[in-house]
Every structure is written in C-alpha cells, then in structure tokens.
Amino acid sequence: MMLALELAHIGMLARLAVTTIKRLDMRYQIILFASCVRFSTAFVPQLPQSSSLIARSALTSDDDERFLKLAIDCAKHGLGHTFPNPAVGCVLVRDDTKEVIGQGFHPRAGYPHAEVFALLQAAQHVPDGVALAKGVVNRNDDDALLKVADEFTRKYAEEMGPQTMFQDCLLVGNDETPMVTAYVTLEPCCHHGKTPPCAASLVLAKPSRVVIGFRDPNPRVDGGGVKLLENAGIPVVMAEGALQKACSDLVTNFVKRITPRPEIAGYEHVNGAMRSALRSLAARKKQNGSMTKVTWGASSVDVDVAQDEQEQAVDSLELPPKWMEHVDSVLWSQELVLLQLNKAVKRKKLVQRLGERIAKELQAHVAQTVGHTVLLYRPGIPAKLDLVALVAAVADRDPVEQ
C-alpha cells in the first residue's frame, strides 16, 4: 500500500513538472526537468542489491581463525623492515584438504607485497614464499634467494606480468573450481605503485574467498581492494574482535603515518621560541638520561670526493628501513629524538642536509642541528607536548633579565 502511494506521488510530481516546463524557455526546461528527476527518485524505495554483489561476513569457522593467525605470524617476519610500508602476511589454503599451498609476507618497500609471495608458491614458481621473502630481508647480495626475488619482482612489474604469472593459478581440478581461500592481514592494495595492485593479482588467480584481518585506512586503498574483489564475484570475509585487533596492531605506526595531519603541514606553527623550548627540554632530558639517542648504523658518504658529489651522495644515501622504523617508533612514543649522524657524514654542513631529508620522510621537524647531531620533533596522536605551555615554563624558569 505504501509503495503504491509513493509511486502515485511520483507520478503526480512528474505530470506537474511536464505541465510547468512547457511554459518555460528551453534552457530552464532542461534545468527544471533534471531537478525534478533528482527530487522524485529520493522517494523511490530502495530495492535489494543485485545478487551478483557479495555480502561480507565475519569469520565462519575455527579454520578461518587458525589460518588468519598463521598469516599474522607470517607478517611478523617483516616487522621493522618495511618502512614506509606496512607489515603484511598472507596464507593460501585449499578449502577441501585445508592444505597450505602458499605463504608470504611483505619484506621490504619496492618489492611485491605479501599476497604475491604467497601466490609465487601457490603457482609453483618457488617452493617457499616465506623463505623467498626472508632472502629479501636478509639482503645478502650473494644470496641466491635475493637474486630470485629480484628477478620475479622485475617480471611482476612488466605490463603482462601478473597475468602470465598468476592467471587461474588457484583453480583446482579438471573443472577448474575456485577452491582456495586467501587469508590476508591487511586489505589488499588496489593502486599501482612500484608494483601492480595485489587485489588485481588475486582476482586473476581466482580464490574462492578472501579473508581480511584489517581494512586498510590508506586513502589510496580504504575499501577499494575489497570492492575490486567483490566486483569480480569473490566473497570477502572481514575479521572482528581480537583477530582484527591483532592485525591492526601490526600496522599501528603505518596507520599514524598515513593519517592526514594538516595541522602540522610545514610546521609553520612552530616558531623560534618553541624550537628554543624544545632544545631546553632536550638538554634537560640529556642531563637526566631520558633523552633517546639513535646512532646511524648504515653506509656513509665518501669524504674523499668533491663537495657537490658529497651532497649528491647524501641525497641518494639509502635510509635503512629498520633504522627508520626505529626512529619512527621513538617519535610516536616520545615526540623527541636525537639523531647521531657522525657515522653517516663527516662534514657538519651535510649533517643538516641529511637530517632534513630524514625529517621529511618521517613528517618531523628539525628543532636543532649541532655538530653531528640532529634533534627531531613530531607531535604524537594525540600530542603529548604542549609547545605553548613549554615556552611558558621555560620563561618562568629562566626569566629574561630586564
């Protein structure tokens, strides 16, 4: 009955619109007609969505929990090595036999993500996706595994790479039935960065389901990976409760880094008095032993080359992911960190250049550069240090003599 009344009301609106627009200039006829259509459709009852759209559900069995926990264990192999990317794990499991046919994790920025390492094993390109990813983490140039990973990374980045490597690789039996579930700790990416999107590779491989531990809040993903899978007819299952929390804990700092923070863009709000207050705070923390110092432990710039070449070397110097992860963690917990860069560069002018480069990567602010040390500041979420109050406290403690 209500539906009939609503449809009758829509018909009345349409007849009224037609009668009215006949009296108007053609330009206004077009504008008014479009407005009436938008207005009338607001009263149309929402019909059930097409059955081709897959409804998401929670974990359905103990097996789902067991294999998602295994994916979490895989992801932990990458913790501390993936900056600026998140640590992610993936496990591929036969639905009928519960056999794990592929495992992987994201080992390092610039290399394929966890899903790809698991697919490499499932497609029988390599015997062990986790072992291959570990070869990337260990970074031994003489390691055969690293060379294999480099070669597959090159092939995967080619235009038809994902198709030639993974097309239909998860179909089982003569009738080629989708019978493999993919368990991923973080929503598969849907954008093309240094490597192709993982969600698209999964679509090519054709799993029966994809179980996701945590939705990726990255604005470049944020549900796009789920939508891409669902549009291909692949059911998506989202973790809840403790398992979702365990998956989100893997990417806590990553989520903070990608959270838009317009209030600190350019740090224009940080004035000279605030920098001075931060320096005073750092001095007190050094005196009482609570100032965290992080020493550079990677390659250094050759001091025997020309100055301009040294500057270029600083700009191209690798920022070690594990070192950057550590500095990032310190900043989130303490908001201040003192970098000791004497092992990276010898010339003091280059220290500032390297410090500013590190600060940019971490969305931090250089509060001071002295000798071979750089003091970085970055407010947490939420911020712990109140810079205005800090300035006032310094003024009260060290009043300017009149």
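Residues numbered from 1 in each chain as written. Predicted model: local features only at pLDDT ≥ 70, side-chain atom pairs only at ≥ 80, totals over all residues. Heavy atoms only, no water.

## Details of the overall build of the protein
Here's step 1: When helices and strands are tallied, the protein shows 16 helices and 11 strands.
Here's step 2: Per-residue burial over the protein gives 42% buried out of 402 residues.
Here's step 3: Looking at the protein as shown, the accessible area adds up to about 21,200 Å², and 54% of this sits on carbon and sulfur atoms. (Helix = DSSP H or I, 4+ residues; strand = E, 2+ residues; numbered from the N terminus. Buried < 20%, exposed > 50% of the residue type's maximum accessible area, 1.4 Å probe, protein only. Areas by Shrake-Rupley, 256 points an atom, 1.4 Å probe, with all protein chains shown as cover.)

## Looking at the packing of aromatic side chains
Here's step 1: Scanning the entire structure with this criterion turns up 4 aromatic pairs.
Here's step 2: Taken together, a centroid distance of 5.6 Å and an interplanar angle of 45° make the contact between phenylalanine 67 and tyrosine 183 tilted. Taken together, the residues span a long stretch of sequence, with phenylalanine 67 in helix H3 (residues 62–76) and tyrosine 183 in strand S5 (residues 180–184) at a distance of 116 residues. Tyrosine 183 shares its class with phenylalanine 67; the two are buried.
Here's step 3: When the ring of tyrosine 267 is compared with that of tyrosine 377, the centres are 6.3 Å apart and the planes differ by 65°; the resulting orientation is edge-to-face. Of the two residues, tyrosine 267 sits in the loop between helix H11 (252–258) and helix H12 (272–288) while tyrosine 377 sits in strand S11 (residues 373–377), which places them 110 residues apart along the sequence. Of the two residues, tyrosine 267 and tyrosine 377, both sit in the buried class.
Here's step 4: One Lys or Arg, arginine 66, reaches over the ring of phenylalanine 67 and ends 4.3 Å from the middle of that ring. (Phe/Tyr/Trp six-rings, centres within 6.5 Å; stacked < 30°, edge-to-face > 60°. Lys NZ or Arg CZ within 6 Å of the ring centre and 35° of its normal.)

## Description of the pairing of strand S1 (residues 89–94)
Here's step 1: Summarising burial for S1: 5 of the 6 residues are buried, a large majority.
Here's step 2: Between S1 and strand S2 (residues 100–105), which pair antiparallel and follow one another directly, the connecting turn spans 5 residues, one of which, lysine 98, has a positive phi of 60°. (Pairing = 2+ DSSP bridges.)

## Some thoughts on the nonpolar core
Here's step 1: Counting residues in each nonpolar core, the largest one holds 59 residues, and the members touching the most others are Leu92 and Leu170.
Here's step 2: Looking at this core element by element, the count peaks at 7 residues for helix H4 (residues 114–122).
Here's step 3: Discounting residues that sit within four places of it in the chain, leucine 92 has contacts with Glu99, Val100, Ile101, Gly102, Ala118, Leu119, Ala122, Leu170, Val180, Thr181 and Ala182.
Here's step 4: Formed by 26 residues, the second largest nonpolar core is a distinct cluster that contains Trp296, Leu341, Ala364 and Leu376. (Core = buried A, V, L, I, M, F, W, Y, C linked by side-chain atoms within 4.5 Å. Contact = heavy atoms within 4.5 Å.)

## Quick word on the pairing of S5
Here's step 1: With 5 of its 5 residues buried, S5 lies for the most part within the structure.
Here's step 2: Alternating positions in S5 separate into two faces, Val180, Ala182 and Val184 on one and Thr181 and Tyr183 on the other, with burial throughout.
Here's step 3: Summarising the sheet, S1 and S5 pair through 5 bridges and their orientation is antiparallel. Each bridged residue has a counterpart across the sheet, and for valine 91 the counterpart in S5 is tyrosine 183.
Here's step 4: As paired strands, S5 and strand S6 (residues 209–212) are joined by 4 bridges and run parallel to one another. Its bridge partner being in S6, alanine 182 is matched across the sheet by valine 210.
Here's step 5: The β-α-β motif built from S5, the intervening helix H8 (residues 198–205) and the parallel element S6 has right-handed crossover chirality. (Right-handed = clockwise from strand over helix to strand, strands pointing away.)

## Some points on unusual backbone geometry
Note: most peptide bonds trans; most residues except glycine with negative phi.
Here's step 1: Omega for the peptide link from phenylalanine 83 to proline 84 comes to 5°, which places this bond in the cis form.
Here's step 2: Here proline 84 lies in the loop between H3 and S1.
Here's step 3: Of note, the amide linkage connecting isoleucine 381 to proline 382 takes the cis form, showing an omega dihedral of 0°.
Here's step 4: The topology assignment puts proline 382 in the loop between S11 and helix H16 (387–397).

## So, the packing of helix H13 (residues 307–316) against helix H15 (residues 348–362)
Here's step 1: For the pair H13 and H15, the least separation of the axes is 9 Å and the interaxial angle reads 25°. Relative to H15, H13 is oriented roughly parallel. Taken as a pair, H13 and H15 cross one another with a handedness that is right-handed. Seen from H13, the contacting residues are Gln310, Glu311, Val314, Asp315 and Ser316; seen from H15, they are Leu350, Arg353, Leu354 and Arg357.
Here's step 2: The residue makeup of the contact of H13 with H15, split by class, is 3 nonpolar, 2 polar and 4 charged. (Axes fitted to C-alpha atoms, helices over the stretch in contact; angles between N-to-C directions. Parallel < 35°, antiparallel > 145°, perpendicular 65-115°, else oblique. Left-handed = near helix turned anticlockwise from the far one by under 90°. Nonpolar A, V, L, I, M, F, W, Y, C, P; charged D, E, K, R; others polar.)

## Points about the environment of glycine 233
Here's step 1: Relative to the helices and strands, glycine 233 is located in the loop between helix H9 (224–231) and strand S7 (236–238).
Here's step 2: Looking at glycine 233, the relative accessible area reads 39%, which means it is partly exposed.
Here's step 3: Placed 30 residues apart in sequence, glycine 233 and valine 203 show a C-alpha to C-alpha distance of 9.0 Å.

## Remarks on the sheet that holds S2
Here's step 1: The mixed open sheet is built from 5 strands, whose spatial order is S2-S1-S5-S6-S7. Here the strands that pair on one side only, and so sit at the sheet edges, are S2 and S7. Within this sheet the neighbouring strands show an average axis-to-axis angle of 15°, counted without direction.
Here's step 2: In this sheet, S7 lies alongside S6 in parallel orientation, the contact comprising 3 bridges. By the bridge assignment, isoleucine 212 is partnered in S7 with methionine 238.

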